[in-house]
Amino acid sequence: MAFLFSNRSSKTFKPKKNIPEGSHQYELLKHAEATLGSGNLRQAVMLPEGEDLNEWIAVNTVDFFNQINMLYGTITEFCTETSCSVMSAGPRYEYHWADGTNIKKPIKCSAPKYIDYLMTWVQDQLDDETLFPSKIGVPFPKNFMSVAKTILKRLFRVYAHIYHQHFDSVMQLQEEAHLNTSFKHFIFSCRSEFNLIDRRELAPLQDLIEKLGSKDR
């Protein structure tokens, strides 16, 4: 949620994705923000009673895109073609980009290029009314959950890159509390509550995930 971030974080990497005011999804977003404000993240990610699961996942997916957009926006000057010539999360994990449409065969590229491809691709999915309908009464497509899972799996890689390659810069900017809260919110929603990301995908940050989970018990 935007209120998690300081004024310094107002710079975004891509334009923020807004949920139309007055829509039911906007009301859900306000509900999520109010619950998050209580400080109970586990409660904040739960599906509100009587609400549609697809719509709740859609609202949260847009929100996580905006959060990661802001977080990465704060460290773009440190994530360059030179400093991050490959998209990695520590020495054991490297990501190659493919979207199945424009780039069908995975390509090795720098982290800034990969994240640009990734965030542009996510933006295109979120703007597609057939995938993420914003109007009341328009049904979600049958493949919605599959698309959402792919988006969230890929957004996780930006968190993993920031933690492994840029955490010193995050600390220097005094943004570590915001990063940790955002990531904890993401994990509680995408893994603990709804199981939207395969455990193997989370391996680059498994130790941190376990630490965040144990602190909350």
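Residues numbered from 1 in each chain as written. Predicted model: local features only at pLDDT ≥ 70, side-chain atom pairs only at ≥ 80, totals over all residues. Heavy atoms only, no water.

Enquirer: Explanation requested: the UniProt feature "binding site: Zn(2+)" (unreviewed entry) in the protein in the structure shown.
Expert: This chain's UniProt record puts "binding site: Zn(2+)" (unreviewed entry) on Cys79, Cys84, His161 and His166. Judged by maximum C-alpha separation, these annotated positions cover 88 residues in sequence but sit close together in space, the widest gap being only 9.9 Å. Inspection of the secondary structure puts histidine 161 in helix α5 (residues 144-172). On the basis of relative accessible area, histidine 161 is assigned to the buried category, the value being 0%. In contact with histidine 161, not counting residues within four places along its chain, are Cys79, Cys84, Met87, Ser88, Ala89, Ala111, Ile115 and His166. With respect to the secondary-structure elements, histidine 166 resides in helix α5. The contact partners of histidine 166, leaving out residues within four places of it in the chain, are Ile75, Phe78, Cys79, Cys84 and His161. Separated by 3.1 Å, the side chains of histidine 166 and histidine 161 make a polar contact. (UniProt positions renumbered as here; feature names shortened; annotations may be inferred. Helix = DSSP H or I, 4+ residues; strand = E, 2+ residues; numbered from the N terminus. Buried < 20%, exposed > 50% of the residue type's maximum accessible area, 1.4 Å probe, protein only. Contact = heavy atoms within 4.5 Å. Polar contact = N/O pair within 3.5 Å; in protein donor to acceptor, adjacent residues only side chain to side chain.)

Enquirer: Got a minute to help me understand the packing of helix α4 (residues 111-127) against α5 in this structure?
Expert: Two packed helices can be described by the angle between their axes and the distance between those axes. Put simply, α4 and α5 touch, their axes get as near as 11 Å, and they point 150° apart. Viewed along their axes, α4 and α5 adopt a mutual orientation that is roughly antiparallel. The handedness of the crossing between α4 and α5 is left-handed. Across the interface between the two elements, Ala111, Tyr114, Ile115, Leu118, Met119, Trp121, Val122, Gln125 and Leu126 of α4 pack against Val147, Thr150, Ile151, Arg154, Leu155, Arg157, Val158 and His161 of α5. Residues of the contact of α4 with α5, tallied by class, amount to 12 nonpolar, 3 polar and 2 charged. (Axes fitted to C-alpha atoms, helices over the stretch in contact; angles between N-to-C directions. Parallel < 35°, antiparallel > 145°, perpendicular 65-115°, else oblique. Left-handed = near helix turned anticlockwise from the far one by under 90°. Nonpolar A, V, L, I, M, F, W, Y, C, P; charged D, E, K, R; others polar.)

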